[in-house]
Amino acid sequence: MTARKAYTATMTAACWREHMCGACGGAFRALLETSATSDYATPSEARLAALEAAEKLLADTVAMQPCPSCGLYQPDMVAQAPMRRHRKWTTIAAIAIVPLALIAGPQSAGSIMADILTIAVTIFCAAAAFVHIRTVLHNPNRDLAANRAAATGAIGAGWMEMLVPGIPNPATAKQWRSRYRTSRLLACAASILGALLTSAGVLFVHAHNWPVNEHADPVIAGPGDDVKLTMVETITPLEGLWRATAKAQVANAGELGLADTALQTTSNLDVWHESISRDFSLIAREVQPWAIVTLPATEMLAGRRIWIQVDLAAHYPDASGSVSFHNADTTFSDTYVLQLAAPHAARDSVLIRAGGLALGSALVIAAGYLLHRLALRESNLALPTRTISLHDNPIQPEE
Ligand SMILES: [Zn+2]
């Protein structure tokens, strides 16, 4: 049964939070206030629910008040925002970057999709690195004199009370002001390096300015690479099933100084039941047969123009009959011109992109995680606090 939530109540909870300063031994307390809104069937239930929510919020709230004696923000106050921010950006990085990097890594060399996805990963990594660095560089304990002045102001306004004055000691304060500085700066450096590494694939391809072959896949290819060449004509087999035997040879072998004109070639190898009857749930799909040709791994072909003739005999279930299907055969013959890049340009581009993405995003995520752990560890260095609820203890700030 669900009660109709007709009443809305907003309630405020307040408490004093007592802190002991780790640096000077002083004790002070800060006034904390939170409010929450709740809907319920009756006004009293709504007020009770809102009060419970406000009190829960109050229990999780950390006061942001410096020690009135020495000006130091305690470790739990300092670590509060960094802990949340590092965790948030490590999570964003893991959720957004990992799938993007997994898709971007194996994309064909030189393809626009590879560039777009890689740059997207770099942008996410750079944004995460920027937030981590900005968070690390922000130190609320940079100016203790200004903090002391702020504490005096808060005491005047009734937000704070000094309980026991501390004895400020510059040597102890220095130790408490900036924790794990070296580890944090190293993590920041790792996140910058990580963001840069993710862009390695794009930088590698564009720095070489290799020739692009629009009709080949990958569009960049060098001696020793595998290239997919697609026929101009199409066939329309049932369910798009086809297999083929393909032969390829270098048409300008003499000009290139190649002794062997034949190229290692493979094609599609679909298998289907030869005796299937024409089933009307099977759909004819247009396909462009293709062959994958392995370019000779000869260094002298780098930068040269190669003419490749591909002869392909395709075998496929033909849908043109109205009642039954039959296996049909079609032969294709096309010639392609490829402008070659450096040896293994396609393979190396993909390896460098995938490696850069894997290592780079791992560095950014690991750096964020380390920073989160350091903030957590810092927070645990704070001396225990004591909470005095203003409901149990009718102390008022203006007292
Ligand atoms: Zn202090």
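Residues numbered from 1 in each chain as written. Predicted model: local features only at pLDDT ≥ 70, side-chain atom pairs only at ≥ 80, totals over all residues. Heavy atoms only, no water.

1. Here's the deal with the coordination of the zinc ion
Line of reasoning, step 1. Protein-derived coordination of the zinc ion comes from Cys21 (SG), Cys24 (SG), Cys67 (SG) and Cys70 (SG), at a distance range of 2.3 Å.
Line of reasoning, step 2. Angles of 101 to 115 degrees at the metal separate the four donor atoms of the zinc ion, which places the site in the tetrahedral class.
Line of reasoning, step 3. Motif for the zinc ion, donor spacing along one chain: C-x2-C-x42-C-x2-C. On the criterion of sequence distance, the pair formed by cysteine 21 in the loop between strand E1 (7–20) and strand E2 (27–40) and cysteine 70 in the loop between helix H1 (43–60) and helix H2 (75–104) is long-range, its members being 49 residues apart. The burial state of cysteine 21 is the same as that of cysteine 70; both residues are buried. (Donors = N, O, S within 2.8 Å, 3.2 Å for Na, K, Ca; no water. Tetrahedral: all angles 85-135°; square planar, octahedral: opposite > 155°, others 65-115°. Helix = DSSP H or I, 4+ residues; strand = E, 2+ residues; numbered from the N terminus. Buried < 20%, exposed > 50% of the residue type's maximum accessible area, 1.4 Å probe, protein only.)

2. Regarding the packing of H2 against helix H9 (residues 345–379)
Line of reasoning, step 1. Close contact between H2 and H9 brings their axes to 8 Å; oriented N to C, the two are set at 160 degrees. Classed by the angle they form, the pair H2 and H9 counts as roughly antiparallel. At the point where H2 passes H9, the crossing takes the left-handed sense.
Line of reasoning, step 2. Its residues placed into classes, the contact of H2 with H9 shows 17 nonpolar, six polar and four charged. (Axes fitted to C-alpha atoms, helices over the stretch in contact; angles between N-to-C directions. Parallel < 35°, antiparallel > 145°, perpendicular 65-115°, else oblique. Left-handed = near helix turned anticlockwise from the far one by under 90°. Nonpolar A, V, L, I, M, F, W, Y, C, P; charged D, E, K, R; others polar.)

3. Section: the domain arrangement of the protein
Line of reasoning, step 1. For the protein, the assigned domains read domain 1 (1–74 + 161–167 + 384–399), domain 2 (75–139 + 178–210 + 345–382) and domain 3 (216–341).
Line of reasoning, step 2. Contacts between the two partners involve ten residues from domain 1 and, on the opposite side, six residues from domain 2.
Line of reasoning, step 3. On the domain 1 side of the interface with domain 2, the three residues burying the most area are Val62, Met64 and Gln74, jointly 67% of the side's total.
Line of reasoning, step 4. Taken together, domain 1 and domain 2 are joined by zero salt bridges.
Line of reasoning, step 5. At the junction of domain 1 with domain 2, the criterion picks out four residue pairs in polar contact (both at pLDDT 80 or more). (Domains from an automatic or database assignment. Contact = heavy atoms within 4.5 Å. Buried area = accessible area lost by both parts, 1.4 Å probe. Salt bridge = Lys/Arg side-chain N within 4 Å of Asp/Glu carboxyl O. Polar contact = N/O pair within 3.5 Å; in protein donor to acceptor, adjacent residues only side chain to side chain.)

4. Remarks on the packing of aromatic side chains
In this description, an aromatic ring pair is defined by two values, namely the gap between the centres and the angle between the planes.
Line of reasoning, step 1. Scanning the entire structure with this criterion turns up two aromatic pairs.
Line of reasoning, step 2. For the pair phenylalanine 204 and tryptophan 210, a centre-to-centre distance of 5.6 Å together with 75 degrees between the ring planes defines the contact as edge-to-face.
Line of reasoning, step 3. On the basis of relative accessible area, tryptophan 210 is assigned to the buried category, the value being 13%.
Line of reasoning, step 4. When the ring of tryptophan 242 is compared with that of tryptophan 290, the centres are 5.5 Å apart and the planes differ by 85 degrees; the resulting orientation is edge-to-face. Here the residue tryptophan 242 occupies a position in the loop between strand E5 (226–230) and strand E6 (243–250), and tryptophan 290 occupies one in strand E8 (residues 290–294), the gap between them amounting to 48 residues. Both residues of the pair, tryptophan 242 and tryptophan 290, count as buried.
Line of reasoning, step 5. Residue placement shows arginine 29 over the ring face of tryptophan 16; its charged tip is 4.6 Å from the ring centre. (Phe/Tyr/Trp six-rings, centres within 6.5 Å; stacked < 30°, edge-to-face > 60°. Lys NZ or Arg CZ within 6 Å of the ring centre and 35° of its normal.)

5. Things to note about the confidence of the model for the protein
Line of reasoning, step 1. Residues with a pLDDT of 70 or more make up 93% of the protein, whose mean pLDDT is 90.
Line of reasoning, step 2. Contacts from residues 392–399, a stretch scored under 50 in pLDDT, to residues over four places away or in other chains number seven contacts. (pLDDT = per-residue confidence, 0-100.)

6. Let's talk about the pattern of salt bridges
Line of reasoning, step 1. Evaluation of the coordinates by the stated rule reveals six salt bridges.
Line of reasoning, step 2. One salt bridge in this structure joins glutamate 378 and arginine 184, with 3.1 Å as the shortest N-O distance. Remark: arginine 184 occurs in helix H6 (residues 181–198) and glutamate 378 occurs in helix H9; sequence separation between them is 194 residues.
Line of reasoning, step 3. The exposure class assigned to glutamate 378 is buried, which follows from its relative accessible area of 4%.
Line of reasoning, step 4. Looking at arginine 184, the relative accessible area reads 11%, which means it is buried.
Line of reasoning, step 5. We note a salt bridge from glutamate 239 to arginine 285, for which the minimum N-O separation is 3.7 Å. Taken together, the residues span a long stretch of sequence, with glutamate 239 in the loop between E5 and E6 and arginine 285 in the loop between strand E7 (262–267) and E8 at a distance of 46 residues.
Line of reasoning, step 6. Assessed through its relative accessible area of 31%, glutamate 239 is described here as partly exposed.
Line of reasoning, step 7. Classification of arginine 285 by relative accessible area gives partly exposed; the value is 40%.

7. Quick word on helix H5 (residues 170–177)
Line of reasoning, step 1. Among the residues of H5, Thr172, Ala173 and Trp176 are the ones counted as buried. Around the axis of H5, the buried residues are gathered within 100 degrees of arc, so they sit on the same side. Residues of H5 that are exposed and angled more than 90 degrees away from the buried face: Pro170, Ala171, Lys174 and Gln175.
Line of reasoning, step 2. Close packing links the buried residues of H5 with H2 and helix H4 (144–156).
Line of reasoning, step 3. With a side-chain oxygen positioned 3.0 Å from the backbone nitrogen of alanine 171, the residue opening H5 is asparagine 169. (Arc of directions from axis to C-beta.)

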